[in-house]
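Coordinates in review
Residues per chain are reported as follows:
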Amino acid sequence: MNAAFTTGKELQKMDPVFGQLSFDDHEQIVFCNDKDTGLKAIIGIHNSVMGPALGGTRMFNYANEWDALNDVLRLSRGMTFKSAITGLNIGGGKAVIIGDAKTQKTPELMRKFGEFVHSLSGRYITAEDVGMETADMDLVRDVTPYVTGISESRGGAGNPSPITAYGVYLGMKAAAKQQFGSDVLSGKKVLVQGIGHVGESLVDYLSKEGAIVTIADINEEKLAEVSSKYQAQIYRGEDVYTADVDIYAPCAMGATINNDTVYKINAKVIAGAANNQLADENVHGAILQERGILYAPDFLINAGGIINVYAELAHYGKEEIMRKTENIYNTTLEIFDFATANNLTTHHAALTIAQNRINQRKIENSTK
């Protein structure tokens, strides 16, 4: 789990915020603190060229505040490109709450967080992420309209996790077609690392198609439950990255592809739901390419969740949510073609296309 935050110590050698590599021209960073509820949160607004910044809130027991800051910076930047590559008219933002979601999250804390979101007057719109549930978003909704992912009974689109998983599944099928010549996953060996809401839904899709699914997670109770429910194998080896599988699907925290793991991976395709899977997008994306491992850009194939919650703002229904999510398959194949034609890593191909859309909107905005 700590792999996501391996750069924390290095960050302290730089200027506190603006000198961080992950800062990447963020527009605004808001530190939220409330003594009464114990709330300690950070909201990052990376880019609002395409519209107000939309992105989920993650509650995690970070080792230190540097790790929390680095995470929100990386996540909010990723949201900018996720929305742009998916064709949504929304900017990129994210929030993190420092603490244990199982023991420290209270209704009072969530409402206080909602007040901080409300104070930004719509520049940032929140939703659920790791450590959050639809019920938590309903509590935020009690104090601000700037929240998505609320329950369907309150007019929302509900839990985005199944839609996120569906998009990952389709992105994985596109990657299989590119790498193996067919998008049929039946008989393919897939390792799903992290079986939370999204990971379990992905296991469901894969199992129904006949993939040979292996699961890994730090939660032994959840492993046993999911294994029994879907007849998935539990990985019991010493190093999950050396597993003999066709496809590796990281669905927990980010940066699992790092200096310690990038040469160990035996899978020929990486396609998962985790955000920021590459610890260093320049170094590790290039190494994967050199090793002949096809990487499906995370911010593209996990965009089903943002498509789902954006529906509450754009006022479209389930049919349009599914149509937009299903288009992830086509976009993924287009990214692979663009990467090949321009001699780019798949990650940088996706970034380039997303940035081009943002740049075009910036020009349009300046001429209005």
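Throughout what follows, the structure given in this document is the object of discussion. (Residues numbered from 1 in each chain as written. Predicted model: local features only at pLDDT ≥ 70, side-chain atom pairs only at ≥ 80, totals over all residues. Heavy atoms only, no water.)

Time to look at helix α11 (residues 318-341). Spanning 24 residues, α11 covers 35 Å between terminal C-alpha atoms, matching the ideal 34 Å at 1.5 Å per step. Approximately 30 degrees is the largest bend angle found in α11, and it occurs at Y329. Looking only at α11, the buried set comprises I321, T325, I328, Y329, T331, T332, L333, I335, F336 and A339. Those residues of α11 that are buried lie in contact with α2 (65-86), α5 (161-180), β12 (294-295), α9 (298-301), α10 (304-314) and α12 (346-366). Just downstream of α11, N343 is the residue with a positive phi angle, here 55 degrees. (Helix = DSSP H or I, 4+ residues; strand = E, 2+ residues; numbered from the N terminus. Expected span 1.5 Å × (residues − 1). Bend = angle between axes of the 7 residues up to and from the residue. Buried < 20%, exposed > 50% of the residue type's maximum accessible area, 1.4 Å probe, protein only. Contact = heavy atoms within 4.5 Å.)

Here we take up helix α3 (residues 107-118). For α3, with 12 residues, the first-to-last C-alpha span of 16 Å sits near the 16 Å given by 1.5 Å per residue. If you check which residues of α3 are buried, you get L109, M110, F113, G114 and V117. Looking straight down α3, one finds its buried side chains confined to an arc of 140 degrees; they lie on one side. Lining the buried residues of α3 we find β2 (39-47), β4 (57-60), β5 (91-98), β6 (124-125) and α4 (134-141). (Arc of directions from axis to C-beta.)

So, on to the sheet that holds strand β10 (residues 247-250). Sheet strands pair via backbone hydrogen bonds, and the direction of the pair is either parallel or antiparallel. Judged by pairing direction, the sheet is parallel, and its six strands sit side by side in the order β9-β8-β7-β10-β11-β12 without closing on themselves. Since the sheet does not close on itself, it has two edges, and those belong to β9 (233-234) and β12, each with one partner. Pairing analysis gives five bridges linking strand β7 (residues 189-193) to strand β8 (residues 212-216), with the strands arranged parallel. Directly across from L191, in β8, lies its bridge partner T214. Running over the sheet, helix α6 (residues 197-209) touches β7, β8 and β10 and is turned about 165 degrees from β7. (Pairing = 2+ DSSP bridges. Axes fitted to C-alpha atoms, helices over the stretch in contact; angles between N-to-C directions.)

Burial analysis of β8 places four of its five residues in the buried class, which makes it a mostly covered element. In terms of handedness, the path from β7 via α6 over to β8 forms a crossover that is right-handed. Bridge count between β8 and β9: two bridges; the pairing is parallel. Residue pairing in the sheet places I215 in a bridge with I234 of β9. Once you follow β8 into helix α7 (residues 220-230) and on to β9, the crossover reads as right-handed. (Right-handed = clockwise from strand over helix to strand, strands pointing away.)

The subject of this paragraph is the nonpolar core. Residues M172, V192, L202, L206 and I215 are the most contacted members of the largest nonpolar core, which totals 66 residues. The element that contributes the greatest number of residues to this core is α5, accounting for 10 residues. Once residues within four sequence positions are removed from consideration, V192 is found in contact with G199, L202, V203, L206, V213, T214, I215, A216, A249 and C251. By size, the runner-up hydrophobic cluster in this structure holds 23 residues, among which are M59, I97, F113 and V140. (Core = buried A, V, L, I, M, F, W, Y, C linked by side-chain atoms within 4.5 Å.)

Any two side chains of opposite charge can pair, so long as their charged atoms come close to each other. Here the structure, examined in full by the defined rule, presents 20 salt bridges. Taking the shortest distance from any N to any O, the salt bridge between R111 and D142 comes out at 3.4 Å. Of this pair, R111 sits in helix α3 while D142 sits in the loop between α4 and α5, and the two are 31 residues apart along the sequence. Residue class for D142 comes out partly exposed when judged on its relative accessible area of 41%. We note a salt bridge from R154 to D142, for which the minimum N-O separation is 3.1 Å. One end of the pair, R154, is in the loop between α4 and α5; the other, D142, is in the loop between α4 and α5, and 12 residues separate them in sequence. Several salt bridges converge on common partners, so that one network encompasses R58, D71, K94 and D129. (Salt bridge = Lys/Arg side-chain N within 4 Å of Asp/Glu carboxyl O.)

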